[in-house]
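Summary of structural features
One letter stands for each residue in the lines below.
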Amino acid sequence: VLLDAGVPLRPAEIAQRMIDQQLWQTQGLTPGATIDARLSVDIRDNGKISKFQRTQPGVFALRSWGLPEYTRIAKDTESEASDESPDELPDSVEELITTSGKEHVAPIAQTISFTDAAEQVLNQYGSKVPMHYRDITRKAIDLGLISTRGQTPDQTMYAQILTEIDRYKKRGEVARFTKEGRGLVGLSKWIDVGLAHQIEQTNSQVKKALRNRLYGMTPKAFEDLIGALLVKIGFDNVEITGRSGDGGIDVRGTLVVGGVIRTRMAVQAKRWKNNVQAPIVQQVRGSLGAHEQGLIITTSDYSSGARTEAERPDAIPVALMNGHQLVDLLIEHDIGIRRSTYDLIELSDLAEEQ
């Protein structure tokens, strides 16, 4: 699942994709927690020879990608750090591309992320009734799902839940949590399946239509679109080079992360329906300038040989973005789509209104 995604994922997302692809069957109520535990044990037992690594609290990647490894000194250290900022998924491009080549001691998992803990509490104790984020936090601490020395763990919990809801909304996907007002939080799977299903089906059709439009673009228009997307996701000095015959490189630019990390990137854009093969990866790597890293963006996908070549440890890394990831980023940054919102009214307790 991680190899197919090409980017770090949370255990809940890994579990859902495993189930959707019929790679795994489970009757458990918290499959994400099971995946988190199994991956954490593998990292703990195998250290640097584990196929997996943790890139930030509750986020797993393949070690062969060469991403910076998250290091936890003690159990409370991670949780305290988690209290300082929302526990967001890494950006699809920044985490895919930004590497330091440095690894540290593999951490030993003690707790799960705030959002995974919230899902587990709601599953076990919500009874399909929204719970207040303070009650969710208290129960998660009592169960030992999270541990923190921060002064406001309940605020951290709520901030992370809202951040996740917003991120999924931008991608046109149904988030696992719902915001019910007055600090109440529920699970989207509790909503009438008809409504949630209709929203997801409509958004899925729009995604397919957007991808088909990409196939119909001229090479110049597609390269310009990729250039515009790179600017949106944080690239500076973006230059379209595809029409200059620059060694197969279509766009060059500098990825800026946090205003501090600057990575020069050479990008090749492939408006293809067939999978990209290993020779294309080799071509991009051979066209890189000094201190550059490579990125291939395609409307299709990659062969296993291309992925293996891109991850070759003794060569300059080449990041791969497939059509699914490309469409998700376009939607997240409102390129090629427009958003429609509707008010959904529900009954409330009249006694609470007085």
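Here's a quick rundown of the structure. On a predicted model such as this, the values are computed, not experimentally measured, just so you know.

The rules we used
Residues numbered from 1 in each chain as written. Predicted model: local features only at pLDDT ≥ 70, side-chain atom pairs only at ≥ 80, totals over all residues. Heavy atoms only, no water. Pairing = 2+ DSSP bridges. Helix = DSSP H or I, 4+ residues; strand = E, 2+ residues; numbered from the N terminus. Buried < 20%, exposed > 50% of the residue type's maximum accessible area, 1.4 Å probe, protein only. Right-handed = clockwise from strand over helix to strand, strands pointing away. Contact = heavy atoms within 4.5 Å. Expected span 1.5 Å × (residues − 1). Arc of directions from axis to C-beta. Axes fitted to C-alpha atoms, helices over the stretch in contact; angles between N-to-C directions. Parallel < 35°, antiparallel > 145°, perpendicular 65-115°, else oblique. Nonpolar A, V, L, I, M, F, W, Y, C, P; charged D, E, K, R; others polar.

Attention shifts here to the sheet that holds strand S4 (residues 177-181). Taken in spatial order, the 3 strands of this open sheet run S3-S5-S4, and their pairing is antiparallel. Every other strand in the sheet has two partners, leaving strand S3 (131-132) and S4 as the edge strands with one partner each.

Most of strand S9 (residues 292-298) sits inside the fold, with 7 of its 7 residues counted as buried. Neither face of S9 is left uncovered, since the one carrying Glu-292, Gly-294, Ile-296 and Thr-298 and the one carrying Gln-293, Leu-295 and Ile-297 both have all their residues buried. Sheet topology note: the strand S8 (residues 261-270)/S9 ladder contains 7 bridges and is parallel. Its bridge partner being in S9, Ala-269 is matched across the sheet by Ile-297. Note that the unit made of S8, helix H11 (residues 278-286) and S9 has a crossover that is right-handed. The sheet contact formed by S9 and strand S10 (residues 318-321) spans 4 bridges and is parallel. The residue bridging Gly-294 from the neighbouring strand is Val-318, located in S10. The parallel pair S9 and S10, bridged by helix H12 (residues 304-310), forms a crossover whose chirality is right-handed.

Turning our eyes to something else, we now look at the side chain of His-333. Residue position: His-333 is located in the loop between helix H13 (323-332) and helix H14 (350-353). His-333 gets classed as buried once you look at its relative accessible area, which sits at 19%. Every residue in contact with His-333, bar those within four places of it in the chain, is listed here: Leu-229, Lys-232 and Ile-233.

The next point concerns helix H3 (residues 31-46). In this model, H3 (16 residues) spans 23 Å end to end at C-alpha, consistent with the 22 Å of a helix rising 1.5 Å per residue. By the burial criterion, the buried members of H3 are Pro-31, Gly-32, Ile-35, Asp-36, Leu-39, Ser-40 and Ile-43. Along the axis of H3, the buried positions cluster into a sector of 165°, meaning they face one direction only. Facing away from the buried side of H3 by more than 90 degrees, the exposed set consists of Arg-38 and Asp-45. Elements in contact with the buried residues of H3: helix H2 (11-20), strand S1 (52-56) and strand S2 (59-62). At the exit of H3 stands Gly-47, carrying a positive phi of roughly 55°.

With that settled, the discussion passes to the packing of helix H6 (residues 114-125) against helix H8 (residues 153-170). H8 packs onto H6 with a crossing angle of 90° between their chain directions and a minimal axis gap of 9 Å. Classified by the angle their axes make, H6 and H8 are roughly perpendicular. Residues Phe-114, Thr-115 and Ala-118 of H6 touch H8, and the partners they reach there are Pro-153, Thr-156, Met-157, Gln-160, Ile-161 and Glu-164. Looking at side-chain class alone, the contact of H6 with H8 contains 5 nonpolar, 3 polar and 1 charged residues.

In this section: unusual backbone geometry. The backbone phi angle of Gln-22 is positive, close to 60°, even though this residue is not glycine. Turning to its location among the elements, Gln-22 is positioned in the loop between H2 and H3.

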